[in-house]
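Architecture at a glance
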Amino acid sequence: MAAWQKVYSAEQSYRAEIVKDVLEDAAINAVIINKKDSSYNNFGAHEVHVSADDVIKALQIIKNDIDFK
C-alpha cells in the first residue's frame, strides 16, 4: 500500500470528520491524525490523510464539494 499523505488540516475536529466522511462516500479511504498538544489542547490540528494514489482526487473533492461557510 502506498504511503499516507495529508490532504486537509483543521483545528476543529468536526471539520476533519466531515472531510473524512465525504471522502469515504467517494470510495477514498481516509484517516484522521490528531496532532493536538495533549497537555494544553491549544496547539496543533486534526489532519486528514489519504493514500498517495488518491491525493489528487481527494484534493479535488475537498475543493469542489466541501464548503464550511
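Look up: the structure comes first, before these words.
Below is a short write-up of the structure. What you see is a predicted model, and the numbers here were worked out from it, not measured in a lab.

What counts and how
Residues numbered from 1 in each chain as written. Predicted model: local features only at pLDDT ≥ 70, side-chain atom pairs only at ≥ 80, totals over all residues. Heavy atoms only, no water. Helix = DSSP H or I, 4+ residues; strand = E, 2+ residues; numbered from the N terminus. Rg over C-alpha atoms; globule rule 2.2 N^0.38 Å. Buried < 20%, exposed > 50% of the residue type's maximum accessible area, 1.4 Å probe, protein only. Lys, Arg positive; Asp, Glu negative; His and termini not counted. Charge placed at Lys NZ, Arg CZ, Asp CG, Glu CD. Contact = heavy atoms within 4.5 Å. Salt bridge = Lys/Arg side-chain N within 4 Å of Asp/Glu carboxyl O. Axes fitted to C-alpha atoms, helices over the stretch in contact; angles between N-to-C directions. Parallel < 35°, antiparallel > 145°, perpendicular 65-115°, else oblique. Left-handed = near helix turned anticlockwise from the far one by under 90°. Nonpolar A, V, L, I, M, F, W, Y, C, P; charged D, E, K, R; others polar.

A word on the overall build of the protein
Within the protein, the secondary structure is distributed over two helices and three strands. For the protein, the α and β elements follow one another from N to C terminus as β-α-β-β-α. Compactness check: the protein gives a C-alpha radius of gyration of 12 Å against a globular reference of 11 Å for 69 residues, within 12% of the reference. The dimensions of the protein, computed from C-alpha atoms along their principal axes, are 35 × 35 × 15 Å. Within the span of the protein, comprising 69 residues, buried residues form 32% of the whole. Each charge sign in the protein was given a centre, from 8 positive and 11 negative side chains, and these centres are 5 Å apart.

Brief notes about the environment of V50
Here V50 lies in strand 3 (residues 46-51). The exposure class of V50 is buried, given its relative accessible area of 0%. Spatially, the C-alpha atom of V50 lies 6.7 Å from that of V31, the residues being 19 residues apart in sequence. With near-sequence residues (within four places) excluded, V50 lies in contact with A3, W4, Q5, V7, L23, I28, N29, A30, V55 and A58.

A word on the pattern of salt bridges
Evaluation of the coordinates by the stated rule reveals three salt bridges. The salt bridge partner of E24 is K20, with a shortest N-O separation of 3.3 Å. Of this pair, E24 and K20 both sit in helix 1 (residues 13-25), separated by four residues, roughly a single helical turn. The shortest N-O distance in the salt bridge between E47 and K35 comes to 3.7 Å. Placement of the pair is E47 in strand 3 and K35 in the loop between strand 2 (30-34) and strand 3, with a sequence separation of twelve residues. Each of K6, K35 and E47 takes part in a single network of salt bridges with overlapping partners.

Some words on the packing of helix 1 against helix 2 (residues 55-65)
Between helix 1 and helix 2, the least distance of the axes is 10 Å, while the angle of their chain directions is 120 degrees. It follows from the interaxial angle that helix 1 and helix 2 lie oblique. Here helix 1 and helix 2 pass one another in a crossing that is right-handed. Residue-level contacts link V19, V22 and L23 of helix 1 to A58, I61 and I62 of helix 2. Of the residues belonging to the contact of helix 1 with helix 2, the class tally is six nonpolar, no polar and no charged.

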